[in-house]
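Per-entry structural report
The primary structure of each chain is shown beneath.
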Amino acid sequence: MKIVQVGSEMFPYIKTGGLADAVGALSTALADNGHEVTVFIPGYRSALEHKDAIGAERKLRLKVEMGDEFLSGEVRVFTPRKNLRVFLICRDEFFDRRGAYGNGDRDYEDNSDRFIFFCKGVVEMLRLGDLQADVVHCHDWQAALLPLLLRQAERRHHVTLALKTIFTIHNIAFQGVFPAKTFARTNLPDDLMHIDGIEYYSQINLMKGGILFSDRVTTVSPRYAREIQTPEFGCGLDGVIQTRADDIVGLLNGVDTAVWNPATDAVLPSRYSSVSMGGKAICRAELLKKFGLGAEFKGPIFGMVCRLTEQKGVDFILANGDFFLSNELRLVVLGSGDKRMEDELRQLAAKAPDRVAFSAQHDEALSHLVEAGSDFFLMPSVFEPCGLNQMYSQVYGAIPVVSRVGGLADTVVDVTDNPSTGTGIMCPPSAAGLRAALNRALALFADTPRYTATQQHGMGKDFSWKVAARGYESLYQDAL
Ligand code: ADP
Ligand code: GLC
């Protein structure tokens, strides 16, 4: 198949979260399965500076209609592996910036223009480059307008640009909602500024467009596919999702084993596997040393790596601050985002610097070391579309302590419910729920045979993208 992926992130060129890992790994897996894969991402600074993109071919000069003006840009292309091309939609004024979506806590004010331009640039490249896609697969709100824009362009130019469009929701909490006046920048017909179009409480909602106007809708876990049809998790779009209930399917993300595999992970001080665990002790000591937590410590280490947002349950951790201060354990948190959460984590660490450590960096190598060096991995999310870290942690032998929501519930098996197959500890998404789970973690750690068996169950699971990509292949085939 000729498959086009469109999203705002792709590892290793630009990453703020799991979207990048998912788009990168899915594209690679499909290319390795022999499909002709083309990925579109914005020409962010980090992408332009990546070694793969140096010398990228200048493919097309863009003149993109935005309301009553035309904005210029350029499409560049490079080929990082067989069957995989990456197109960058460039306009330096929009994308040659340090952050993908904003500076620190604040979103860029021109995000609507940036991503409408991005989608329109993709349509132009599909049209003028004659790419003849079988499937155009769009990810999250930044690419959500594409299915609509594409069909409009087909009508206008009497061409077929794609046989089918697919839209994947990675996180319904981010919808791309902008003031009504933004609608003019889309150049879509006025009848789409309507409740059956992308109008949303007198504003526009780009994700709503993706949900309503693509041929198939997917999300990243079966449980989240059900959850987002309820007011509790639907973030106001549950009614819209329900109208597509027959077309929505939850397909779990996977683990890119070329990047996340303790047996081959080059950034670790030592490698290990389920049959040879010695290296994990070395990673553990290195993690403790790096954070000044005493390399000799033998008790349980709890690790956490995440964007600091309400989603990730950081407040449940903070509410249990006394637990981490009063028990013989170590806590390492790597994460950045919300400034209040950063401050409170810093304060917690300052109360017991030999016990609790916090780093507010975004550090890819360190995130691997936290997974490898920890005994437990904390992910008490309020909601979680899929989540990747709880899968990485199982593969790395750090037992996940997670909320029973979304993809966490679909990828972790609670060890009390299922002692013979359990891989982790699950709890309700609350501070009290987490407290009970943390106490269960301490008890599990104290019971070495049970701890080791749980760890082995996790390390034995196959989360590879081979499985995940197969699900998408069947979906594409079915749609076609
Ligand atoms: P989300 O996409 O909601 O942030 P996921 O669990 O799907 O959650 O993916 C998060 C990804 O981002 C993981 O690869 C994780 O390791 C990475 N990540 C998050 N915060 C950091 C950080 N501070 N440093 C390095 N990697 C991080
Ligand atoms: C989103 C979700 C996360 C998911 C990731 C990749 O960022 O928050 O749960 O794993 O997308 O699909």
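Residues numbered from 1 in each chain as written. Chains lettered and ligands numbered in written order. Predicted model: local features only at pLDDT ≥ 70, side-chain atom pairs only at ≥ 80, totals over all residues. Heavy atoms only, no water.

1. A short note on the overall build of the protein
Scanning the protein from N- to C-terminus turns up 18 helices and 20 strands. With respect to the principal axes defined by its C-alpha atoms, the protein has extents near 70 × 45 × 40 Å. The positive charge centre, built from 51 side chains, and the negative charge centre, built from 59, are 3 Å apart in the protein. (Helix = DSSP H or I, 4+ residues; strand = E, 2+ residues; numbered from the N terminus. Lys, Arg positive; Asp, Glu negative; His and termini not counted. Charge placed at Lys NZ, Arg CZ, Asp CG, Glu CD.)

2. Re helix α17 (residues 448-459)
The end-to-end C-alpha distance of α17 is 16 Å, a good match for the 16 Å that 12 residues give at a rise of 1.5 Å each. Structurally, α17 contributes buried residues whose contacts are with α9 (278-290), β18 (376-379), α14 (389-395), β19 (399-403) and α16 (431-446). (Expected span 1.5 Å × (residues − 1). Contact = heavy atoms within 4.5 Å.)

3. Remarks on the site of ligand 2
In the vicinity of ligand 2 lie 13 residues, with His170, Asn253, Gln311, Glu384 and Gly387 positioned nearest. Here an oxygen atom of ligand 2 and a side-chain polar atom of His170 are 2.6 Å apart. A distance of 2.8 Å is found between an oxygen atom of ligand 2 and a backbone nitrogen or oxygen belonging to Gly387. Protein contact buries 94% of the 310 Å² of open area that ligand 2 shows by itself. Taken together, the residues of the shell around ligand 2 break down into five nonpolar, six polar and two charged. Residue-level mapping places the shell around ligand 2 at the junction of two domains, with at least three residues from each of domain 1 (2-254 + 465-479) and domain 2 (278-459). (Near = heavy atom within 4 Å. Polar contact = N/O pair within 3.5 Å; in protein donor to acceptor, adjacent residues only side chain to side chain. Areas by Shrake-Rupley, 256 points an atom, 1.4 Å probe, with all protein chains shown as cover. Nonpolar A, V, L, I, M, F, W, Y, C, P; charged D, E, K, R; others polar. Domains from an automatic or database assignment.)

4. Regarding the pattern of salt bridges
Oppositely charged side chains can pair when the atoms bearing their charge come close. Across all of its chains, the model carries 33 salt bridges by this definition. Two residues, Arg97 and Asp110, come together in a salt bridge whose shortest N-O distance is 2.6 Å. Note that Arg97 is positioned in the loop between α3 (92-95) and β6 (102-103) and Asp110 in the loop between β7 (106-107) and α4 (111-128), a separation of 13 residues in sequence. Note that Arg151 and Asp215 form a salt bridge whose closest N and O atoms lie 3.4 Å from each other. Here Arg151, found in helix α5 (residues 146-157), pairs with Asp215, found in the loop between α6 (206-213) and β13 (216-219); they are 64 residues apart in sequence, far enough to count as distant. One network of salt bridges, with partners in common, ties together Arg58, Arg61, Glu74 and Arg76. (Salt bridge = Lys/Arg side-chain N within 4 Å of Asp/Glu carboxyl O.)

5. Some thoughts on the sheet that holds strand β15 (residues 301-308)
Here we have six strands laid out as an open sheet, ordered β17-β16-β15-β18-β19-β20, and parallel in their pairing. Each end of this open sheet is capped by a strand with a single partner; those strands are β17 (356-359) and β20 (425-427). The mean angle between the axes of side-by-side strands here comes to 20°, regardless of whether they run parallel or antiparallel. Taken together, the four bridges between β18 and β19 define a ladder with parallel strand orientation. In the sheet register, Phe377 faces β19, and the bridge partner there is Pro400. Running over the sheet, α16 touches β15, β18, β19 and β20 and is turned about 165° from β20. (Pairing = 2+ DSSP bridges. Axes fitted to C-alpha atoms, helices over the stretch in contact; angles between N-to-C directions.)

6. Points about the domain arrangement of the protein
Looking at the assigned domains, one finds that the protein contains domain 1 (2-254 + 465-479) and domain 2 (278-459). Put simply, the middle of domain 1 and the middle of domain 2, counted by C-alpha atoms, are 32 Å apart. Tallying the contact residues gives 20 residues for domain 1 and 22 residues for domain 2. Across the domain 1/domain 2 interface, buried area totals approximately 1600 Å², and carbon plus sulfur atoms make up 59% of it. Here domain 1 and domain 2 share one salt bridge between them. Lys15 is the salt-bridge partner of Glu364, the closest N and O atoms lying 3.4 Å from each other. One can count eight residue pairs in polar contact (both at pLDDT 80 or more) joining domain 1 with domain 2. Elements that contribute at least two residues to the side of domain 1 that touches domain 2 include exactly α1 (18-32) and α7 (222-227). (Buried area = accessible area lost by both parts, 1.4 Å probe.)

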